[in-house]
Amino acid sequence: MPAPLPTDCLNGIFKCLLDDLNYTSSLHSCLLVNKLWCETVIPLIWNNPWQCAKLILSNKDWPPLVRTLLSCLPEDSKEILRNNGIDLLLRTTSQKPPLFDYVGYCQHLSPTVMDKLKSVTVDEDNKNNVNSEYKAYREHLVEQEFYKLFMTKCSLKHLVLPKIPLSYFPGANHCLEYLRDLKCYTERSPELFYGLAHISRNLHRLTIYPCDQDNDGLITLIKLQKGLKTLVLVSSEDYVSICPEIGQALATQMHSLSFLKIRQSLCIPPQTISSFINLRILQLDITTEVSNMESLAYVTLPKLEILDIFCDENAPFNTYSSLISNSISSNSSYLKRIYWHKINPPTCAEEIGKYIQILLPASSTLRFLTVWWSEELFTLLNLCDQLETIKFCNHKDLRGNIDYLSNNLIESENCLQGKLIFELLKILSLENLCIICLQGGWAFTSEELKEFLEFWKEQRKNTLSLYILSFESQSKNEPEGIIREYMNDGILKDFGDRDSLENFYSMEINMNI
């Protein structure tokens with residue numbers, strides 16, 4: 001009989017199944033194999049039982065989960081619920097002690113989950129018209145008892161801060177001491193943050209949503225952290241947030257912060273961003289008009305590896321090219337990715353040429369690049385020997401300025417000739433290139449596309465993902481047949497007319513970041 005796999009090996013295998021949205025279905029079958037498999041799988045399922053696809057899509061699977069949690073309650077909590085008419089689910093709960101410390105495995109908790117737990121617990125009684133009065137009061141009792149249970153049993157790693165002061169519950173010191181990921185709101189009472197600041201000083205990730213105003217308690221919590229690494233700031237939609245004191249508090253984490261994402265509005269001063277001397281990833285998704293965005297042109301991020309601009313249609317293009325220039329001047333060996341999407345594009349050939357010149361010192365480390373057509377483009381790309389992904393952008397305001405493009409450029413009525421890109425890529429020795437995106441109107445014939453794909457088939461080892469946004473076939477013949485042919489041959493991995501590159505903003509895994 002072969003020896004069973006060690007627990008560590010099983011654990012690693014089962015963790016791979018967690019990437020499946022329906023992972024509980026996959027893991028459930030593993031529970032029945034033998035005792036070892038069961039003991040290995042249960043902690044994985046209960047690490048974050050709320051993310052199960054069945055629970056997200058349907059309400060019918062919540063009562064069994066709630067019954068399991070009710071069975072974990074101590075007798076005094078059960079008695080409190082019974083005395084207040086909350087007993088239908090309790091009566092259908094097994095009276096035997098749970099086989100596992102289910103709650104002890106939980107590392108994720110949020111008010112949304114708690115709302116569902118208390119609602120299901122109380123509504124099961126209300127469905128049968130039993131004690132339907134005082135619903136809000138009963139939900140409050142259930143919430144209190146469940147929070148006591150989690151504070152006593154868990155060691156949470158991920159928390160969305162509720163309105164209830166968790167620090168007052170017995171066991172909170174143990175439960176919250178090793179908290180790593182906190183999501184919170186600036187309108188929460190400062191006292192909630194003061195209580196948390198007394199216990200949780202080892203946060204690695206902080207998400208503030210919405211981040212609309214300064215909060216003294218949150219400021220204190222931030223200052224007391226020993227090494228905050230990831231920061232996500234999201235303002236309310238169409239609201240210009242200004243939080244200078246939160247910005248000053250975040251500056252105390254300047255040595256540890258490596259990831260910053262800002263959405264909606266630039267809610268902290270640009271000089272605060274410049275203080276993050278070890279920042280490696282900056283992602284901006286700015287949808288409101290902010291008066292101080294141009295100050296980003298003076299920001300220097302010497303360790304910057306990834307710059308993703310998902311949206312900012314207000315700040316001039318030169319604002320970001322200056323930020324890149326400042327960061328490359330500090331150290332040219334770090335920059336790996338530049339992604340642009342909805343932005344103010346360059347307004348003239350000179351801006352594009354300057355942008356390309358700025359990138360030349362970083363060419364040896366770039367693996368993901370967004371560019372506009374220019375005569376200098378060959379010089380840059382020829383030096384990018386690590387390049388894996390390239391996004392070619394086009395802008396209608398530049399189409400009348402043909403001189404800077406190429407002597408061989410032929411324009412269609414609305415589009416620039418995509419053949420130019422295909423010909424450029426043929427003469428470049430980009431051995432690692434595997435993803436190409438054409439955005440903004442590039443016209444080409446089906447024959448030109450087929451010729452390029454045939455070249456790729458013969459000359460390149462990598463399978464190709466090709467995304468063409470707003471493309472126009474000059475022959476008016478859709479190239480679906482060509483695409484199917486090369487996908488069936490394994491030359492094309494993916495093809496589409498969407499900006500699937502947004503999926504690659506989590507390329508940190510591929511890039512070992």
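Residues numbered from 1 in each chain as written. Predicted model: local features only at pLDDT ≥ 70, side-chain atom pairs only at ≥ 80, totals over all residues. Heavy atoms only, no water.

Enquirer: For the nonpolar core, give the residues involved together with the corresponding values.
Expert: If you look at the biggest cluster of nonpolar residues, it comprises 147 residues, and the most contacted ones within it are Phe150, Phe392 and Ile436. Counting residues domain by domain, this core receives three or more from each of domain 1 (1-46) and domain 2 (384-395 + 415-498). Grouped together as the second largest cluster of nonpolar side chains are five residues, Val232, Phe259, Ile281 and Ile306 included. (Core = buried A, V, L, I, M, F, W, Y, C linked by side-chain atoms within 4.5 Å. Buried < 20%, exposed > 50% of the residue type's maximum accessible area, 1.4 Å probe, protein only. Domains from an automatic or database assignment.)

Enquirer: Hey, could you go over the pairing of strand S7 (residues 281-286) for me, with residue numbers and the actual values?
Expert: The side chains of a regular strand alternate between the sheet's two faces. In terms of burial, S7 is a largely internal element, six of the six residues being buried. Sheet analysis places strand S6 (residues 259-264) next to S7, joined by six bridges and oriented parallel. Paired with Ile262 across the bridge in S7 is Leu284. Strand direction decides the pairing type here: S7 and strand S8 (residues 306-312), joined by five bridges, are parallel. Among the inter-strand pairings, Ile281 is bridged to a residue of S8, identified as Ile306. (Helix = DSSP H or I, 4+ residues; strand = E, 2+ residues; numbered from the N terminus. Pairing = 2+ DSSP bridges.)

Enquirer: Please provide a residue-by-residue account of the packing of aromatic side chains, values included.
Expert: Throughout the structure, instances matching the rule amount to 18 aromatic pairs. Taking 5.0 Å as the distance between ring centres and 25 degrees as the angle between the ring planes, the aromatic pair formed by Phe317 and Trp340 counts as stacked. Here the residue Phe317 occupies a position in helix H16 (residues 317-330), and Trp340 occupies one in strand S9 (residues 337-343), the gap between them amounting to 23 residues. The exposure class assigned to Trp340 is buried, which follows from its relative accessible area of 1%. Pairing Trp340 with Trp372 gives two aromatic rings, centres 5.9 Å apart and planes at 75 degrees, and the pair type is edge-to-face. Placement of Trp340 in strand S9 and of Trp372 in strand S10 (residues 368-372) is noted, with a sequence separation of 32 residues between them. Neither Trp340 nor Trp372 differs from the other in exposure class; each is buried. Among the aromatic side chains, those forming a connected cluster through ring pairs are Phe317, Tyr320, Trp340, Tyr355 and Trp372. The ring centre of Phe368 lies 5.7 Å from the NZ or CZ of Arg337, which sits over that ring. The cationic tip of Arg460 hangs over the ring face of Trp456; the distance from NZ or CZ to the ring centre is 5.2 Å. (Phe/Tyr/Trp six-rings, centres within 6.5 Å; stacked < 30°, edge-to-face > 60°. Lys NZ or Arg CZ within 6 Å of the ring centre and 35° of its normal.)

Enquirer: Could you give an account of the environment of Leu179, naming the residues involved and the relevant values?
Expert: With respect to the helices, strands and loops of the structure, Leu179 is situated in the loop between helix H11 (172-176) and strand S3 (181-184). Taking relative accessible area as the criterion, Leu179 reaches 0% and is therefore assigned buried. With residues up to four places along the chain from it excluded, the contact list for Leu179 reads Leu156, Lys157, His158, Leu159, Ser200, Asn202 and Leu203. (Contact = heavy atoms within 4.5 Å.)

Enquirer: Lay out the packing of helix H19 (residues 419-427) against helix H20 (residues 446-459) in plain terms, naming residues and giving numbers.
Expert: Interhelical geometry of H19 versus H20 gives an angle of 15 degrees and a closest axis separation of 10 Å. By the angle between their axes, H19 is roughly parallel relative to H20. As H19 packs across H20, the resulting crossing turns out to be left-handed. Residues Lys419, Phe422, Glu423, Leu425 and Lys426 of H19 touch H20, and the partners they reach there are Glu448, Leu449, Glu451, Phe452 and Phe455. Looking at the contact of H19 with H20, its residues break down into five nonpolar, no polar and five charged. (Axes fitted to C-alpha atoms, helices over the stretch in contact; angles between N-to-C directions. Parallel < 35°, antiparallel > 145°, perpendicular 65-115°, else oblique. Left-handed = near helix turned anticlockwise from the far one by under 90°. Nonpolar A, V, L, I, M, F, W, Y, C, P; charged D, E, K, R; others polar.)

Enquirer: Would you mind going over helix H10 (residues 135-153) in detail, with residue names and values included?
Expert: Given a rise of 1.5 Å per residue, 19 residues ought to cover 27 Å, and the 27 Å separating the end C-alpha atoms of H10 matches this to within 8%. Turning to H10, its buried residues number three or more, namely Arg138, Glu139, Leu141, Val142, Glu143, Glu145, Phe146, Tyr147, Leu149, Phe150 and Met151. (Expected span 1.5 Å × (residues − 1).)

Enquirer: Tell me about the pattern of salt bridges, and please be specific about residues and values.
Expert: Under the counting rule described, the total for this entry stands at 14 salt bridges. Measuring nitrogen to oxygen at the nearest pair gives 3.9 Å for the salt bridge that ties Lys35 to Glu39. In this pair, Lys35 and Glu39 are both assigned in helix H3 (residues 35-47), four residues apart and thus about one turn of the helix distant. Arg82 serves as the salt-bridge partner of Glu79, at 3.6 Å between the closest nitrogen and oxygen. (Salt bridge = Lys/Arg side-chain N within 4 Å of Asp/Glu carboxyl O.)

Enquirer: Break down unusual backbone geometry for me, with residues and values.
Expert: Of note, the amide linkage connecting Tyr209 to Pro210 takes the cis form, showing an omega dihedral of 0 degrees. With respect to the helices, strands and loops of the structure, Pro210 is situated in the loop between strand S4 (205-208) and helix H13 (216-223). Even without being glycine, Asp238 reaches a positive phi, approximately 60 degrees. If you trace the backbone, Asp238 turns up in the loop between strand S5 (230-234) and helix H14 (244-250). Using a relative accessible area of 62% as the deciding quantity, one classes Asp238 as exposed. Positive phi values are uncommon outside glycine, yet Gln264 reaches one of about 75 degrees. Note on placement: Gln264 falls in strand S6. For Gln264, a relative accessible area of 11% corresponds to the buried category.

Enquirer: How would you sum up the pairing of S4? Please name residues and give values.
Expert: In terms of strand pairing, S3 meets S4 through four bridges, oriented parallel. Paired with Asp181 across the bridge in S4 is Arg205. Once the chain exits S3 it traverses helix H12 (residues 190-199) before rejoining the sheet at S4, and the crossover so formed is right-handed. Relative to S5, S4 is paired through four bridges, and the arrangement is parallel. Considered in S5, the bridge of Leu206 is made with Leu231. (Right-handed = clockwise from strand over helix to strand, strands pointing away.)

Enquirer: With reference to specific residues and values, describe the environment of Glu39.
Expert: For Glu39, a relative accessible area of 37% puts it in the partly exposed group. Along the chain, Glu39 and Phe100 lie 61 residues apart, while their C-alpha atoms are 8.6 Å from each other.

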